[in-house]
Amino acid sequence: VRSNSSSLHLGRPSWRPHALLKASFNGCSEMLSGIASSVVTLLYNYQLLRKYEPRIDTMSFDEIDRDFIQRYLNTFSNPNSARNAKNRLTTIFNAAIDEGITQNYPFRKIKLPKMVVRHKAVGIDRLIEIFNTKPRNKSALWTIKLMKLS
């Protein structure tokens, strides 16, 4: 082992139950936040489906065909929303197929609206202008230094 002048080095691990407990609670918080977000999304999509088709509660998987899904996806004005809705419905159908509830898979040949792609790349002239900018305060100076490092 050679000596190292860096402030970062490997060392023997130490037992710190307080740090472990704190990290565990933080992880639980993140997990519960993710679960809550998923439940809200699920309920929102369920309400959208009910608005589109009021009898969705009594329909079986076999009654939902490609035309039904295509018409439902066409109700979305945002192509990203339509794509997300299709992905969620596909997940539900895949789970139903895995559980042996249905063999129906109505997602073949579904046409989604074209997505508008906005290019967000910065041109070389703008990059040079950014890097040559004089900072107005110390905070801006650190931001520019960090940008130049990465």
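Note that the structure is a prediction, hence the values are computed from the model and not measured.

Visitor: Explain helix α3 (residues 79-98) to me, using residue names and the numbers behind them.
Guide: The end-to-end C-alpha separation of α3 is 28 Å, in line with the 28 Å expected for 20 residues at 1.5 Å each. Along α3, the positions that sit buried rather than exposed are Pro79, Ala82, Ala85, Lys86, Leu89, Thr90, Phe93 and Ala96. One face of α3 carries all of its buried residues, which in axial projection span an arc of 140°. Structural note: α3 exposes Thr91 and Asp98 on the side pointing more than 90 degrees away from its buried face. Check the buried side of α3 and you find it contacts α1 (17-52) and α2 (66-74). The N-cap of α3, judged by a side-chain oxygen 2.8 Å from the amide nitrogen of Asn80 a few residues on, is Asn78.

How each quantity is defined
- Residues numbered from 1 in each chain as written.
- Predicted model: local features only at pLDDT ≥ 70, side-chain atom pairs only at ≥ 80, totals over all residues.
- Heavy atoms only, no water.
- Helix = DSSP H or I, 4+ residues; strand = E, 2+ residues; numbered from the N terminus.
- Expected span 1.5 Å × (residues − 1).
- Buried < 20%, exposed > 50% of the residue type's maximum accessible area, 1.4 Å probe, protein only.
- Arc of directions from axis to C-beta.
- Contact = heavy atoms within 4.5 Å.
- Polar contact = N/O pair within 3.5 Å; in protein donor to acceptor, adjacent residues only side chain to side chain.

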